[in-house]
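These are the residues of each chain, in order.
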Amino acid sequence: MISRLLYYLGHWEVWHWFAKYILIGPAWLWYCLKARSFWFFTPSNPTITFGGFVGESKFAIYKQLPLGTYPSTALVTPDFPVDKLDNLRCSHGLKFPIVAKPDVGQMGLMFRKIESLDHFKQYHRSMPVPYVLQEYIDYPIEVSVFYYRMPGEDSGRITGFVKKEYMQVVGDGVKTLRQLIGDYPRARYRRAELFSKHESKLSWVVPNGEPYVLSHALNLSRGGRLVNLENENDSSLLKVFDDISRYTKNFYYGRYDVKCRSIEDLKAGRNFSILEYNGAGAEPHHVYSGGFGLFSACSVLVKHWGILFRIAEANRKKGIPVWHHESGRHFINHAGRHMRLLKVLDESFEFCDSVETVIVPAEFASFAERYSRAISTNSEIV
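Residues numbered from 1 in each chain as written. Predicted model: local features only at pLDDT ≥ 70, side-chain atom pairs only at ≥ 80, totals over all residues. Heavy atoms only, no water.

## Thoughts on the confidence of the model for the chain
Consideration 1: Per-residue confidence for the chain gives a mean pLDDT of 87, with 85% of residues at or over 70.
Consideration 2: Per-element mean pLDDT across the chain ranges from 53 in helix α13 (residues 362–377) up to 98 in helix α10 (residues 263–267).
Consideration 3: Of the regions scoring below 50 in pLDDT, residues 378–382 engages in 11 contacts with residues more than four places distant in sequence or in other chains. (pLDDT = per-residue confidence, 0-100. Helix = DSSP H or I, 4+ residues; strand = E, 2+ residues; numbered from the N terminus. Contact = heavy atoms within 4.5 Å.)

## Things to note about helix α6 (residues 117–126)
Consideration 1: Within α6, the full set of buried residues consists of His119, Phe120, Gln122, Tyr123, His124 and Ser126.
Consideration 2: Structurally, α6 contributes buried residues whose contacts are with β1 (73–76), α5 (85–91), β2 (98–102), β3 (112–114), β4 (131–135) and α12 (325–348). (Buried < 20%, exposed > 50% of the residue type's maximum accessible area, 1.4 Å probe, protein only.)

## Some details on the packing of aromatic side chains
Consideration 1: Under the defined criterion, the tally for this structure stands at 27 aromatic pairs.
Consideration 2: A ring pair is formed by Trp28 and Phe41, whose centres lie 5.8 Å apart and whose planes are at 35°; its orientation type is tilted. Of this pair, Trp28 sits in helix α3 (residues 25–35) while Phe41 sits in the loop between α3 and α4 (58–62); the two residues are 13 residues apart in sequence, bridging distant segments of the chain. Across this residue pair, the class does not change: Trp28 and Phe41 are buried.
Consideration 3: Judged by centre distance (5.9 Å) and plane angle (35°), the ring pair of Trp28 and Phe53 falls under tilted. Residue Trp28 is found in helix α3, and its partner Phe53 is found in the loop between α3 and α4; the two are separated by 25 residues along the sequence.
Consideration 4: The exposure class assigned to Trp28 is buried, which follows from its relative accessible area of 17%.
Consideration 5: The cationic tip of Lys113 hangs over the ring face of Tyr136; the distance from NZ or CZ to the ring centre is 4.3 Å.
Consideration 6: Seen from the ring of Phe195, Arg178 lies directly overhead, with NZ or CZ sitting 4.9 Å from the centre. (Phe/Tyr/Trp six-rings, centres within 6.5 Å; stacked < 30°, edge-to-face > 60°. Lys NZ or Arg CZ within 6 Å of the ring centre and 35° of its normal.)

## Observations concerning α3
Consideration 1: Taken together, the buried positions of α3 are Trp28, Tyr31, Cys32 and Ala35. One face of α3 carries all of its buried residues, which in axial projection span an arc of 105°. Of the exposed residues in α3, the ones pointing more than 90 degrees away from its buried face are Pro26, Trp30 and Leu33. (Arc of directions from axis to C-beta.)

## Let's talk about the pattern of salt bridges
Consideration 1: Here the structure, examined in full by the defined rule, presents 17 salt bridges.
Consideration 2: The partner of Lys101 in a salt bridge is Glu276, and the shortest N-O contact between them spans 3.3 Å. Within this pair, whereas Lys101 is found in strand β2, its partner Glu276 is found in strand β11 (residues 272–278), the two being separated by 175 residues in sequence. Neither residue differs from the other here; Lys101 and Glu276 are each classed as buried.
Consideration 3: A salt bridge links Asp234 to Lys267; the nearest nitrogen and oxygen atoms lie 2.9 Å apart. On the criterion of sequence distance, the pair formed by Asp234 in the loop between β9 (225–228) and α9 (235–248) and Lys267 in helix α10 is long-range, its members being 33 residues apart.
Consideration 4: Classification of Lys267 as buried rests on a relative accessible area of 17%.
Consideration 5: One network of salt bridges, with partners in common, ties together Glu142, Lys164, Arg255 and Asp257. (Salt bridge = Lys/Arg side-chain N within 4 Å of Asp/Glu carboxyl O.)

## A short note on the sheet that holds β3
Consideration 1: The 4 strands are arranged β1-β4-β2-β3 in an open sheet whose pairing can be described as antiparallel. Looking along the sheet, the strands with just one partner apiece sit at the ends: β1 and β3. Along the sheet, successive strands turn relative to each other by an average axial angle of 25°, direction set aside.
Consideration 2: In this structure, β1 lies alongside β4, joined through 4 bridges in antiparallel fashion. Across the sheet, Thr73 pairs through a bridge with Gln134, a residue of β4. (Pairing = 2+ DSSP bridges. Axes fitted to C-alpha atoms, helices over the stretch in contact; angles between N-to-C directions.)

See below:
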């Protein structure tokens, strides 16, 4: 218990978000007071629901990006016939392995790499909410690019550029997966979660030198590691994201998560694919990449909130409205319940050899159906 406490005291980046943000909460409240709205950020990215703070549709965002800059993607609803899933996959030119993730989600919850049709069916039967199906992008490098552009300006600025690394172990031909997870420092306080997720393979002896990925989601919250690439942040990189920003017209503030063949290719605008775009709710990931103490990181976060406020105000003056208080309150409460649903599913879902799947509790399935309908019609849950 004491060792765990000492570990957390020395690693602020793994603290619960509330523990970090309570220190800088007054700055956020100040911007709310200046704008006379808790939802001052909603005009920041006008064509993204709620400005991309939470609850936005990934599929809707992809459709605003230039063709060829994101993976081939299909939107799948829970009521889609199971016996037609393979036809859907083939019609979009998708070959196994493929990727599935909730259309509305966060922190890598229910993100899965799917290797077979059986696994595809298991995932579909377990998902009570719409999800996106994508080609698996096997470029070796994944990066995050935090970009903003003031409305009316042709060029923006990249304030953060980091590389993501998987949470993985490497076999020695002797130890089982359970032992490797037990010995892995980054899994120190996530062993129960990882044992549950990889239960069917815990007795497997991982071959010598073979890497085994514990989480295919490269989010920091899912065990990913961030490496600062600020030395690679230059005018070539900026031009690529200026071009994308001008194409979308209304993406002014947020973070692009991108896979690429190499950093050089990304700067040249080739051999890359945008996995996700996170709007007003995006964090500048470079504060978690080492070299930042708690207070210096908080300073960076507050600075970005100031940028977000200025962008939102500029768009508001152009006639883009701030969400009404009650609409925003309902939306953010429902989004929170949706994420809790995904967390329950994520903690219990595991692919198995048979087609038996996780049984989704009736109350969750009912809520998910109503939530999805409200999202699609931009109305209140009933």
